[in-house]
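Structural features, examined
Residues per chain, in single letters:
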There are 2 protein chains.
Amino acid sequence: MQHTDIIIRNGYIVTINPEMDILENGALAIEKGKILAIGNTEEIEKNYTSENVIDASSKIVMPGLINGHSHIAMTYLRGYADDILLRAWLEDHIWPAEARFVKAQFVYDAAIHGCAELIKNGITMIDDMYFYSKETARAATKAGMRAILGEGILDFPMAFHKTPESMINYALEGHEEFKDNELIDFALMPHSIYTCSKENLIIAAEEARAHDMLIHTHLSETKKEVVDCLKAHGVRPVQYLDSIGFLGNDVSIAHGVWIDDDEQKLLAKKGVGVNICTECNLKLASGFAPIKGYKENGVTISLATDGVASNNNLSILDEMDMTSKVHKAINNDPTFLPAEEVVRMVTIEPAKIFNKEDEVGSLEVGKKADIILLERDKLENMPMYNVYSHLVYTMHSESVQDVIINGKVLMRDRKLVEIDEDELFEKAKYYQKELQKN
Amino acid sequence: MQHTDIIIRNGYIVTINPEMDILENGALAIEKGKILAIGNTEEIEKNYTSENVIDASSKIVMPGLINGHSHIAMTYLRGYADDILLRAWLEDHIWPAEARFVKAQFVYDAAIHGCAELIKNGITMIDDMYFYSKETARAATKAGMRAILGEGILDFPMAFHKTPESMINYALEGHEEFKDNELIDFALMPHSIYTCSKENLIIAAEEARAHDMLIHTHLSETKKEVVDCLKAHGVRPVQYLDSIGFLGNDVSIAHGVWIDDDEQKLLAKKGVGVNICTECNLKLASGFAPIKGYKENGVTISLATDGVASNNNLSILDEMDMTSKVHKAINNDPTFLPAEEVVRMVTIEPAKIFNKEDEVGSLEVGKKADIILLERDKLENMPMYNVYSHLVYTMHSESVQDVIINGKVLMRDRKLVEIDEDELFEKAKYYQKELQKN
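Residues numbered from 1 in each chain as written. Chains lettered and ligands numbered in written order. Predicted model: local features only at pLDDT ≥ 70, side-chain atom pairs only at ≥ 80, totals over all residues. Heavy atoms only, no water.

Here we look at the overall build of chain A
To keep it simple, the criterion reads: Going along the chain from the N terminus, every DSSP run of H or I of four or more residues is numbered as a helix, and every run of E of two or more is numbered as a strand. What the globule rule says is 2.2 Å times the number of residues to the power 0.38, and the radius of gyration is computed from C-alpha atoms. Whether two residues are in contact is decided by their heavy atoms: any pair within 4.5 Å suffices.
Of the regular secondary structure elements, chain A holds 16 helices and 20 strands. In terms of overall size, chain A behaves like a compact globule, its C-alpha atoms giving a radius of gyration of 21 Å where 438 residues would be expected to give roughly 22 Å. Principal-axis analysis of the C-alpha atoms gives chain A an extent of 65 × 45 × 45 Å. A sequence separation of at least 24 residues applies to 71% of the contacts in chain A between residues at least 6 apart.

Points about the interface of chain B and chain A
Which entries qualify depends on this criterion: In what follows, salt bridge is the name for a side-chain nitrogen of Lys or Arg lying within 4 Å of a carboxyl oxygen of Asp or Glu. Any pair of nitrogen or oxygen atoms within 3.5 Å is treated as a polar contact; in protein, a donor-acceptor pairing is required on top of that, and neighbouring residues in sequence qualify only through side-chain atoms on both sides.
The partner chain A presents 68 residues to the 68 residues of chain B that form the contact. For the pair chain B and chain A, the number of links is six salt bridges. Close ionic contact of A:Glu279 with B:Lys325 constitutes a salt bridge, the shortest N to O distance being 2.5 Å. Counting every contact that joins chain B to chain A gives 35 residue pairs in polar contact (both at pLDDT 80 or more). Mapped by element, the contributors of at least two residues to the side of chain B that touches chain A are helix H3 (104–120), helix H10 (278–283), helix H12 (316–330), helix H15 (387–394) and helix H16 (421–436) of chain B. Per element, the largest residue contribution to the side of chain B that touches chain A is nine residues, and it comes from H16(B).

Overview of the confidence of the model for chain A
What counts, and what does not: The predictor reports its confidence for every residue as pLDDT, a score running from 0 up to 100.
Confidence in the prediction for chain A averages 97 pLDDT; 100% of positions are at 70 or higher. Interface confidence for the predicted complex, given as ipTM, is 0.97, next to a pTM of 0.97.

Observations regarding helix H16 (residues 421–436) of chain A
Residues and elements named next belong to chain A. Definition in use: The span you would expect from a helix comes to 1.5 Å times its residue count less one. The rule is simple: take the accessible area with a 1.4 Å probe, protein chains only, and divide by the maximum for that residue type; under 20% is buried, over 50% is exposed, in between is partly exposed. Starting at the helix axis, one direction is taken to each C-beta atom, and the arc is that of these directions.
Taking 1.5 Å of rise per residue, the 16 residues of H16 would be expected to cover 22 Å, and the 22 Å separating its terminal C-alpha atoms lies within 8% of that figure. Listed in full, the buried residues belonging to H16 are Glu421, Leu424, Phe425, Ala428, Tyr431, Gln432 and Leu435. For H16, the angular spread of the buried residues around the axis is 135°, confining them to a single face. Seen from the buried face of H16, the exposed residues on the opposite side, beyond 90 degrees, are Asp422, Glu426 and Lys433. On its buried side, H16 packs onto helix H2 (86–101), helix H3 (104–120) and strand S20 (415–416).

Side note on the packing of helix H4 (residues 133–143) of chain B against helix H5 (residues 164–177) of chain B
All names here are of chain B. Let me state the cut-off plainly: Angles run from 0 to 180 degrees between N-to-C directions of axes, and those axes are lines fitted to C-alpha atoms, restricted for helices to the stretch in contact. Angles below 35 degrees are treated as roughly parallel, those above 145 as roughly antiparallel, those between 65 and 115 as roughly perpendicular, and all remaining angles as oblique. Basically, the charged four are Asp, Glu, Lys and Arg, the nonpolar ten are Ala, Val, Leu, Ile, Met, Phe, Trp, Tyr, Cys and Pro, and anything else, Gly included, counts as polar.
Contact geometry for H4 and H5: axes closest at 9 Å, N-to-C directions at 30°. Taken as axis vectors, H4 and H5 run roughly parallel relative to one another. On H5, the residues touching Ser133, Lys134, Glu135 and Arg138 of H4 are Tyr170, Glu173, Gly174 and Glu177. Its residues assigned to classes, the contact of H4 with H5 shows one nonpolar, two polar and five charged.

Structural notes on the domain arrangement of chain A
All names here are of chain A. Selection criterion: Boundaries between domains were set according to an automatic or database domain assignment. Buried area: the accessible area, evaluated with a 1.4 Å probe, that two parts lose upon being put together, summed over both parts.
Under the domain assignment used here, chain A contains domain 1 (2–63 + 365–416) and domain 2 (65–353). One C-alpha centre belongs to domain 1, the other to domain 2; they are set 29 Å apart. Counting residues at the interface gives 26 residues for domain 1 and 30 residues for domain 2. Overall, the association of domain 1 and domain 2 removes approximately 2400 Å² of surface from exposure, summing both partners, and the carbon and sulfur fraction of that is 64%. Here domain 1 is connected to domain 2 by two salt bridges. Salt-bridge contacts for Asp370 lead to Arg146; the nearest nitrogen and oxygen are separated by 2.7 Å. Where the side of domain 1 that touches domain 2 is concerned, the elements lending two or more residues are strand S7 (59–63), strand S17 (371–375), helix H15 (387–394), strand S18 (400–405) and strand S19 (408–412). Among the elements that make up the side of domain 1 that touches domain 2, the one with the highest residue count is H15 (five residues). Counted by class, the side of domain 1 that touches domain 2 contains 18 nonpolar, four polar and four charged residues.

Structural notes on the pairing of strand S15 (residues 273–276) of chain B
Across a regular strand the side chains alternate sides, sitting on one face of the sheet and then on the other. Residues and elements named next belong to chain B. Selection criterion: Strand pairing is defined by DSSP finding a minimum of two bridges between the two strands. Crossovers are marked right-handed if the path from the first strand over the helix to the second runs clockwise, as seen with the strands pointing away from the viewer.
Residue alternation in S15 divides its side chains into two sets, Gly273 and Asn275 and Val274 and Ile276, and both sets are buried. Across three bridges, the pairing between strand S14 (residues 251–255) and S15 is parallel. Note on S15: the bridge partner recorded for Ala254 is Asn275. Handedness of the crossover is the feature at issue here: the chain leaves S14, passes through helix H9 (residues 261–270), returns alongside S15, and the resulting connection is right-handed. Sheet topology note: the S15/strand S16 (residues 301–303) ladder contains three bridges and is parallel. Paired with Val274 across the strands is Ile301, a residue of S16.

What to know about the relation of the copies chain B and chain A
Rules: For this overlay, a least-squares fit was computed on C-alpha atoms, restricted to residues scoring pLDDT of at least 70 in both copies.
Of the two same-sequence chains, chain B is brought onto chain A (RMSD 0.0 Å, axial shift 0.0 Å) by a rotation of 180°. Viewed as a symmetry operation, the transformation between the two copies matches a two-fold axis. Both copies share a contact surface, since 100% of the interface residues of chain B are interface residues in chain A too.

Looking at the sheet that holds strand S13 (residues 215–219) of chain B
All names here are of chain B. As summarised here, the arrangement of the four strands in space is S13-S14-S15-S16, forming an open sheet in which the pairing is parallel. Of all the strands in the sheet, the pair left with one neighbour each is S13 and S16. Within this sheet the neighbouring strands show an average axis-to-axis angle of 25°, counted without direction.

Rendered as structure tokens:
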């Protein structure tokens, strides 16, 4: 009888392992942040014991959701400006607000709020680009959130950084400072091809590879970006990035709405993954990502929320529902993007995109214990005939009951363990008042 | 000082009155099922008193949501078959299951479950078509739900009814039996133009008008329906219905996906409203309703969930979010369908469609007290800059805290007052097992 940190018993376990096994009366033993054993509850309890036993009798147990592209320090800008054109949204609202408010303390506070919200939504890992990203790293560490973080790199000066070098150096410092932190990875994140010169894109990629860091950027969110790229460089965005040696399997892109067939093939060949932000792309009328083409060409794809300023929530379950339904209609085919595939797009597929498929994205022995439990016994969740369909079409984030990241219990019965919600409420109200001042 | 049944105080009141007034520290007095007074909390409390005071300090207070097209007795078929073609879904799964299971007790039990779920989702009125609709009427009465109900009228025999006459007579009986019930209206609901002969459509409309009942039908859900109509009748579905005298301002249609410009003008002229089922139409790949055309041509439109078997939830807040975002993208315009308009599409606009705009759909003195309260102080709902945007893009149905229908409190702090949820859980589990048997 081996003693372990946590045992989860009697769960409906959705493993997302290569066989897509489902264990109906399943159990997990967790030790030192990892999954030590998984199997039938009776078997597991024959071999393992724990003082911390979580009964999952009416629960779905599955790998934590991964959010492939976010800006969680924008949480206080939720719904700050809506129903307007992208350019006006950015230039008249978001950028001026950021210029006035985005400072280290703002980022830390907003990021804690964002992490708390992510945990409540069953998200256990994010890939996040923003400013003062070391503050986000501190907030994620405090919250217990797994995060790949990067400082947005731009050609032009920001309040905080005067040069792109300063932005790159800041991320390299973060990489050094948090290298022993099990939850945090720093990446290099040039903002986009339209805000970064060729030189800065190349430097960012080179520095990333010199330090074994991931690379992440926005790409082809709008049609205009493609038109401008063709005008400036004579080729489309993916070809442009390829021509400067930027692409590789350490690279992931956000959005990828306007990517043609040749570009899709090139992304697949180079091992570049795409994090699709359906709700944001629809809300800002940017367009519909070519999911069918990505699938046919073998591009690894995942779903992401983007920032709440353009969404206006951090729910991956919402992204799943909307993506699956919208792309069935767009492709005139109700069998397109079946639910099981969509669940993979927020678990094992993003794990692959970020080269972490040996660590997260499924419930298998030896992987990190990033696990969520969802309640089945709610009126709106009954009955249940197919767990994947249930996760995609029926359940809301509020069905997430318990969240474990890196073997640490962060939410139990929808109560956050590490974070005081009332304190966050007060801060959110304070910042709302500040942001509403002229 | 007048004594009243209920006072709601300190709320953020979204009235949806003609001026779209918002009262920031607002209060309502409710007496005999109706709104007696509305105004500033201090004023209201000067004139009215009650033993039942609901503090709405951190709440949005708004008219209950109206679900313009549902089949709530299908609740036990939630997720019964997904990701397949419409014809296979109906012929291989839904119809056989219905033939085996749909009996009076099944309908009553499933409808109670459905009503409970609707209340939890902030829905205070439905327009519902199914079989054994008097059972649904009994369930709605027990649950306290306001409902327009109709027996699906079809040319062919069903287990329950052998002839269309029997279906029509059943609805007329319901009309008579429930005439003194404040919550229930019976309507005549021929299923569709492809399941009802011209004669039966005409009889249904005539009977409805003879008894001052509303008329509701599915129309132009799929492209095939239009093609078949053109083949059979030489005109498109709306023109066909017009040619037989079916249309009028007592008629509403569900879906309305494939309706062209001339048909839209005709619907507007005849005062026929359209209840759009976005999620269902996307999931079954039926298409995108022509919302822009409806608006330009002055057709009254509302949003609806359809049945959970094809959705798979009963959340109107989800329909709002998805409809607004998808139609911005379809129209390549992020300013299209602004949030305020979408909120009207689930309150006052459906009230107009069902000729009940003097009774429900807004918070005004003299109207029925169908009122919901939504919690603002949740991490995922903070901060809030614009209440309409918040309702459409941010909030889930789980933010609904309190529900009042016809002046009766049906949910307090998410606990149902009239219905035992545990009992419903057991029933759902029982029916799930039955439906899973071969």
